[in-house]
Every structure is written in structure tokens, then in C-alpha cells.
Amino acid sequence: MKQWLESVYSDGTKYFVSNPLPAKKDTVQIQIRFYEDAPVEHVFLRTKINGTEQLFKMQQSKVENGLVYYETSVQIFEDCLHYHFYLATKNEIFYYNQKGITTYIPNELYDFKILTDYKQPTWVKDAVFYQIFPERFCNGNPDNDVKDKEYTFDGHDTIQIKDWNQEPLPYDKSFCLDFYGGDLEGVTKQIPYLKELGVTAIYLNPIFYGATVHKYDCLDYFTVDPHFGGDEALIQLSNALHENGMKLILDVSINHTGTANKWFNKEGIFYDKSIGAYNNKDAKEREYYFFNEDNSYKAWWDVETLPTLNYTSKALREALYEKEDSVVKKWLKPPFSIDGWRFDVADVMARNNEIQLHHEVWPAIRKSIKEENENAYVLAEDWCDCAEFLQGKEWDSAMNYYGFTRPVRDFVGDGEPFLNKQPELANISYKPTAMELSQRILEHLAQLPTVIQENQFNLLDSHDIHRLHNNKKVRFDEYRGAVIMLFTMIGATNIYYGDEAGLCGFTDPDNRRTYPWGKEDKELIQFHKDIIRIFLCRNV
């Protein structure tokens, strides 16, 4: 390749597009630049207008610091303008898109993309998120703690853990019913610590009324769990965060509920059996689920306690996101005023064999959210390539496992989590090269519009994977390097609670230990403070 090719660059930011967030019918100026002495004789922007290929000849607009800039104007009438560039020398034509430069005409998959009428949550691109598993972060009010044998769920009694520093019990002893007492008042209490760390947004794992410690098997979407302090504690937390210039997003699973949910109510543990779909074939909620004639039902991954929701039901859609008092809208409205939603197992939602409604449901959910707050963040869980959802009509971002977590953890020696699950593949040891890491990340980003790239929710750890620093195969300097990469990626950054303090955490549920108040790794906290400060100054 010719050396001058390394200088070729464009993107969808304000530095190369006059208006990165245009409306339909707007005209935008688009630029590309390269070395001033490059042997380029003609520059074209290639796009499609009304389905027909068109070339716009670009004109030199300026020369600056040894770089020459070419520019053209395009009026946009469609949802997305996608384009790449032709660079013609005397003897060759080079083609440039988001993935790089070729000497052959590329396909359109990696084109630059400008979205029209896209409501970007502009605060996200500079956000430092802090993910909190509420039950294990801080106990702000011991009076609301779950007590021993306070209730029985799925045949097992609740367990009150009185030693905050005790390791979580394994599932076969706790059944996710071992409670330490963490609550929303505890989160509010620690806002000064989070602010000093440099955090600008909180992502809370589920807080709605639920029987287990994780709350993904929700009992009632419309009530904050009383053991977390109830609705009033959420109001106080939201107000306190906003007063401190911080945002708040909540986690919810609307792919499935628990069998004890008010809508389903199989065992009648928390509600009378006259309520809910399982024991009442005439109940309005019956159509919310997939029931068979024998009263068996479809469950997520065949986990009997997690019945799948049925999006063919108009009434279900109304309850979850269409009506003004729906789940999605309620918590976005005052007095709760959350700043976005994280949707659990979003990759499988509204996808049930012959009933595939995901590309119908997700745009409607997005519309509902943006009607309440156009600056709200729509974040979805997906571990794989999900670029189809990241084109401006559905999600603002996925949890960026595919485009960041998985490749970076693999690069530093942690392995590939999906390969590690398969015995025939897990023992094949291969550590990717830096070039392979770069290409893997680039292939993800190059499929996305720039304004979507800026929303990416980058993370190293979460409640669903062991903490990276606990892997003895990963040297500490490699771990530090991974953290630095986290804070240099385009998009937002997320810290899983306790990572900055050296909190131990192996396979779930061990990765949900209590925050080590008074036993933190001070040097590691200072390292995070320093890197966060650099991150927050990057656009200054």
C-alpha cells in the first residue's frame, strides 16, 4: 500500500459532517482529508439517491497542517444516507469506507452512515457509568432487610446474611435467597463516593418487587421492592443523582416474568390465587403468556420459573409500553424521572420460533420511550453481533460485549466466553494478536452510524461474567491495559461496582459479592480516578 493512504480519514462527527444529526430534507457538507502531497487527482463521494447509485465530485476546501480537505454537499431525503469515497490517482482508484481502503469496489455494509431525525441521547457519549447490583452495594437502612424465613419461594426459605463481608452462598445452598440488605438508600448514601470517583451515571440492576436477590423474576413491574426502600427511595435517589449532575437508568426484563408475578401467580405465594393467569383461564393476563391446553406454558430457556411473555397480545403491549401508565412510561415520568432503560435478554425478546415480532416491537418501544424523554437511553442486552438493531430505529446501544468485552478479554488471556462453554473448543489455546483485536473491534463499529458508535456501552465486567482481574492467567499489567482500552474506546464507559476497589468475583453468583467498604484497594481506586479524569477531559 502507498504510504499516503495512511492519512486518508473521514467520519460522521462534526469535524467531517456539518450536521451529524440532520432532519430529513437537510443539506449536509461532508469532508474527507489526506496528505497534501498525495497523488490524488479526483475525489468522489459515492452514495445512492432514491435507490440509484450517484457520484458527487468533491472539491478542495482547505489545506491545514499538511492535510488537504475535500468537500461536497448532499441533501438527504431518506432515513439514512450511506456513502463511501473514491480516490483516483493517475493509474489507480482507491475505495474508502469505515472499514478501510480497498482497490476494488466494496459492498455497502461498512459504508459511512448519516441518520435523519435520530434522537441521540447526547449525554451518553461522555458518560462514565457505574453498574450497581443493589442488594450487594450498600445497606442504607437495616430496618428494611429481608429476615430469615420471612417468606418461602420455590420451596426455599429466605436467608439473612448478617456478616456483610461473607462470601455469597453457592446456588444449591442459597437458591438466590441469601440477602445482605443492600438497598437504594445505600446507593444514595454513597453518591459522594461515586462523584469523587468520577461517575456521571448509574445503571441499576432490577429494583422492582421480586422474590430473589437479582429481581429478574419480577413480581410487579409497577412497584419498587420494599426491601430496597420502595417507590419513595427511588424518588429520593433520582432527585439526589440529578442534583449532583448524574443520570440514572434502570434494568428490566420484559421478555419473561417470574411464575410468582402478579400477572402469572402460579403458586399464590404473594397474591391470592384468584389473581393472575395460571389459575384463572378467564383472566385478562392469560393472553400475556404462551399457554397450552394442559396449562403448561412456554418458558425462557425452558426454565420453568420464568414464563415467556407473548407479544401477539395487544393488551400486553399496552401494559408494557403503549399506554401512558405503562411500565416503560411510568418510570420515565416525574417523580421518578429516570434517564433510560436497560433491557435484559433483549436479543431473544418477541422471538418465538414461528412468531417473530422483534422488529415490530422494538421500534414501538423506542417510540414510547422517546415520547417521554427524547434524551433517554435505550440500552439492550445482546452478546453477539446485533448491528441490525443499531441503525437508529431500535436500540441506542447494546451492552457492548460483542464489540469490546469479548475481544478485549480474549486478547489479554481470559479466553472467549462462548468458546469456553463448548468442551471441544475450550481447550484450544490461542491468544489473538493486536491486529486481530483491532480488526474485530473495527468490524463491529464499521457497521454502525457514527452517532450510534458514540452511544456504545463499553464494559469489561458485569453481573453475568466473572471479574477479569480474578483470572490468574491475566497479568495485572494486562488487566490495567484492558481498563485503559475501556476508557479510550468511542462511546460510554461502564464500571461494574467494586472493580475499582479490587472486589473479588468468580462465576455467578460469586461475581455479585458485597462491596468491600473499608477494605478497598486504594491504589486501584486512585488508578480509576486518574483514568476517569483523563476520559472526562477528552473533549475539552
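Not measured: the values here are computed from a predicted model.

**Student:** Run through the overall build of the protein chain, naming residues and quoting values.
**Tutor:** Of the regular secondary structure elements, the protein chain holds 14 helices and 25 strands. Based on the C-alpha atoms only, the size of the protein chain along its principal axes is roughly 80 × 55 × 55 Å. For the protein chain, with 540 residues in total, the buried portion stands at 57%. Of the contacts formed within the protein chain by residues at least 6 apart in sequence, a portion of 68% connects residues at least 24 apart.

**Student:** Describe the nonpolar core, listing the residues and the values that go with them.
**Tutor:** Judged by nonpolar contacts, the single largest core of 103 residues is most densely connected at Tyr130, Tyr311, Trp341 and Phe343. The residues touching Tyr311, leaving out its near neighbours within four places in the chain, are Ile254, Leu316, Arg317, Leu320, Tyr321, Met349, Ala350, Leu357 and Val361. Counting 26 residues, the second-largest nonpolar core is a separate cluster that includes Leu5, Val40, Met58 and Phe85.

**Student:** Got a sec to walk through the side chain of Arg513? Specific residues and values, please.
**Tutor:** Within the element layout of this structure, Arg513 appears in the loop between β25 (492-496) and α14 (522-536). Here the side chain of Arg513 touches Asp510 through a polar contact of 3.0 Å, side chain to side chain.

**Student:** Go over the packing of helix α8 (residues 401-411) against helix α11 (residues 434-445) with me, naming the residues and quoting the values.
**Tutor:** At a minimum axis distance of 9 Å, the contact between α8 and α11 shows a crossing angle of 170°. In terms of orientation, α8 lies roughly antiparallel with respect to α11. Taking contact as the criterion, the partners of Tyr402, Gly403, Arg406, Pro407, Val408, Asp410 and Phe411 in α8 are, on α11, Ala434, Leu437, Arg440, Ile441 and His444. Taken together, the residues of the contact of α8 with α11 break down into seven nonpolar, two polar and three charged.

**Student:** Any chance you could break down unusual backbone geometry for me, citing the residues and the numbers?
**Tutor:** That bond from Pro334 to Pro335 is cis: its omega, 10°, falls within 30 degrees of zero. With respect to the helices and strands, Pro335 occurs in the loop between α6 (327-332) and β19 (340-343). Going from Asp508 to Pro509, the amide bond is cis rather than trans, its omega being 10°. With respect to the secondary-structure elements, Pro509 resides in the loop between β25 and α14. Here the phi dihedral of Ala350 falls at roughly 65°; this positive angle occurs in a residue that is not glycine. Looking at where Ala350 falls in the secondary structure, it is placed in the loop between β19 and β20 (351-352).

**Student:** Tell me about the packing of aromatic side chains, and please be specific about residues and values.
**Tutor:** What the rule picks out here adds up to 50 aromatic pairs. Residues Tyr130 and Phe137 carry aromatic rings whose centres are separated by 5.9 Å and whose planes lie at 65° to one another, so their mutual orientation is edge-to-face. Taken as a pair, Tyr130 and Phe137 share a single burial class, namely buried. Measuring from centroid to centroid gives 6.2 Å for Tyr289 and Phe291, while their planes differ by 70°, and the two rings are edge-to-face. Here the two residues Tyr289 and Phe291 agree in accessibility, since each one is buried. In this structure an aromatic cluster arises from ring pairing among Phe208, Trp331, Phe336, Trp341, Phe343, Trp362, Phe389 and Trp395. Here Arg406 stacks its cationic end above the ring of Phe418, 4.2 Å away from the centre of that ring. The ring of Tyr497 carries Arg467 above its face, with NZ or CZ at 5.0 Å from the centroid.

**Student:** Tell me about helix α5 (residues 314-322), and name the residues and values.
**Tutor:** Among the residues making up α5, those that are buried are Leu316, Arg317, Ala319, Leu320 and Tyr321. The arc that holds every buried residue of α5, seen down its axis, measures 165°, which confines them to one face. Contact partners of the buried residues in α5: β17 (218-224), α6 and α7 (358-372). The N-cap residue of α5 is Ser313: its side-chain oxygen and the backbone nitrogen of Ala315 are 3.4 Å apart.

What counts, and where the lines are drawn
- Residues numbered from 1 in each chain as written.
- Predicted model: local features only at pLDDT ≥ 70, side-chain atom pairs only at ≥ 80, totals over all residues.
- Heavy atoms only, no water.
- Helix = DSSP H or I, 4+ residues; strand = E, 2+ residues; numbered from the N terminus.
- Buried < 20%, exposed > 50% of the residue type's maximum accessible area, 1.4 Å probe, protein only.
- Contact = heavy atoms within 4.5 Å.
- Core = buried A, V, L, I, M, F, W, Y, C linked by side-chain atoms within 4.5 Å.
- Polar contact = N/O pair within 3.5 Å; in protein donor to acceptor, adjacent residues only side chain to side chain.
- Axes fitted to C-alpha atoms, helices over the stretch in contact; angles between N-to-C directions.
- Parallel < 35°, antiparallel > 145°, perpendicular 65-115°, else oblique.
- Nonpolar A, V, L, I, M, F, W, Y, C, P; charged D, E, K, R; others polar.
- Phe/Tyr/Trp six-rings, centres within 6.5 Å; stacked < 30°, edge-to-face > 60°.
- Lys NZ or Arg CZ within 6 Å of the ring centre and 35° of its normal.
- Arc of directions from axis to C-beta.

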